Amino acid sequence: MVYISALTLGLLGSFHCVGMCGPIALAIPLKTDSWLARIFGGVLYNLGRAITYAVMGAVFGLLGRGLVMSGFQQWISVIMGAIMILSVITPSIYKNRFNADKGVFSFVGKVKMSLGKLFAKRSYGALLMIGLLNGLLPCGLVYFAIAGAIATGSSASGSLFMFIFGLGTLPMLLAISLIGNMITLELRKKITKLIPYAIVFIGVLFILRGLSLGIPYLSPPEKAMTIPVEQADEEQKPSCCH
């Protein structure tokens, strides 16, 4: 269910991405030899974004892992879910929470400069690099996905969560790259209104997961959640020989 929520967030969030990343998707230097070459190039660009998200997920999942090892395994999922829900219910609290300081502005500026140079090249390597760098640009939707990655409590799970989220955004942004801005503004606005509901839904899933109510797949019992951690600890202990 956790990974389904990542895919759902990506699919619905991609309509928000049309406004944020749409201009980049429209401008990427796709090869014009054939439709197959254009599709392959568009997929490479979007895979680049997904790979960057996966690396971010691994880092933040590792943070969640540290919290799990500290005994906060259940509560980290509940807290992350609550944060998602509160961010929708009380948006004013988070309105300027992620405003960039001078350091972040400088970093974003460097990323955009690198992107500008890559747009002058028409190669598959350049398309992949554009996607990798695009994934580093600030995005509110990505922050919600990161919260989900932390709640997984594992570097591998966090990476997979973010990668699936990235794949969820692929169909819409690939279509934008290939066909242009085919989705009307009115339709995008209607679908974008569903995003807060999706975020609340995912938040509820994480809270249920943390409460360990014994519901199969949805809220596994505490014992089922703690076994992997205990096994990992055993594997890290030095083995006794002879």
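Look above for the structure.
Residues numbered from 1 in each chain as written. Predicted model: local features only at pLDDT ≥ 70, side-chain atom pairs only at ≥ 80, totals over all residues. Heavy atoms only, no water.

A. Structural detail: the overall build of the protein chain. Secondary structure summary: the protein chain contains 11 helices and zero strands in total. The buried share among the 242 residues of the protein chain stands at 43%. Considering only contacts within the protein chain whose residues lie at least 6 apart along the sequence, 80% involve residues at least 24 apart. Accessible surface, the protein chain as shown: approximately 13,000 Å² in total, 69% of it carbon and sulfur. (Helix = DSSP H or I, 4+ residues; strand = E, 2+ residues; numbered from the N terminus. Buried < 20%, exposed > 50% of the residue type's maximum accessible area, 1.4 Å probe, protein only. Contact = heavy atoms within 4.5 Å. Areas by Shrake-Rupley, 256 points an atom, 1.4 Å probe, with all protein chains shown as cover.)

B. Focus on helix α7 (residues 140-152). Helix length check: α7, at 13 residues, gives a terminal C-alpha distance of 19 Å against a target of 18 Å (1.5 Å per residue), a fit within 8%. The element α7 is extensively covered by neighbouring structure, given that 10 of its 13 residues are classed as buried. Following α7 by one or two positions, G153 adopts a phi angle in the positive range, close to 70°. (Expected span 1.5 Å × (residues − 1).)

C. Molecular detail of a nonpolar patch on the surface. A contiguous nonpolar patch, built from I51, V55, V59, F60 and L63 and spanning about 420 Å² of accessible area, is present on the exposed surface. Within the secondary structure, F60 is located in helix α3 (residues 35-89). (Patch = residues over 30% accessible without salt bridge, like charges linked within 9 Å, V, L, I, M, F, W, Y side chains within 5 Å. Salt bridge = Lys/Arg side-chain N within 4 Å of Asp/Glu carboxyl O.)

D. Here's a closer look at the packing of α7 against helix α10 (residues 195-211). Remark: α7 packs on α10, axes separated minimally by 11 Å, with the N-to-C direction vectors making an angle of 10°. Taken together, the axes of α7 and α10 lie roughly parallel to each other. In this structure, α7 contributes L141, F144, G148, A151 and T152 to the contact, and α10 contributes I195, I199, F206 and R209. Its residues placed into classes, the contact of α7 with α10 shows six nonpolar, two polar and one charged. (Axes fitted to C-alpha atoms, helices over the stretch in contact; angles between N-to-C directions. Parallel < 35°, antiparallel > 145°, perpendicular 65-115°, else oblique. Nonpolar A, V, L, I, M, F, W, Y, C, P; charged D, E, K, R; others polar.)

E. Geometry of helix α6 (residues 124-134). For α6, every residue scored as buried is listed here: A126, L127, I130, G131, L133 and N134. All buried residues of α6 lie within an arc of 165° about the axis, which places them on one face of the element. (Arc of directions from axis to C-beta.)

F. Broad picture of the packing of α7 against helix α8 (residues 155-179). One way to put it is that α7 packs onto α8 with a least axis distance of 8 Å and a crossing angle of 150°. Relative to α8, the element α7 lies roughly antiparallel. The two elements α7 and α8 cross, and the hand of that crossing is right-handed. On α8, the residues touching L141, V142, A145, I146, G148, A149 and T152 of α7 are S157, G158, F161, M162 and F165. (Left-handed = near helix turned anticlockwise from the far one by under 90°.)

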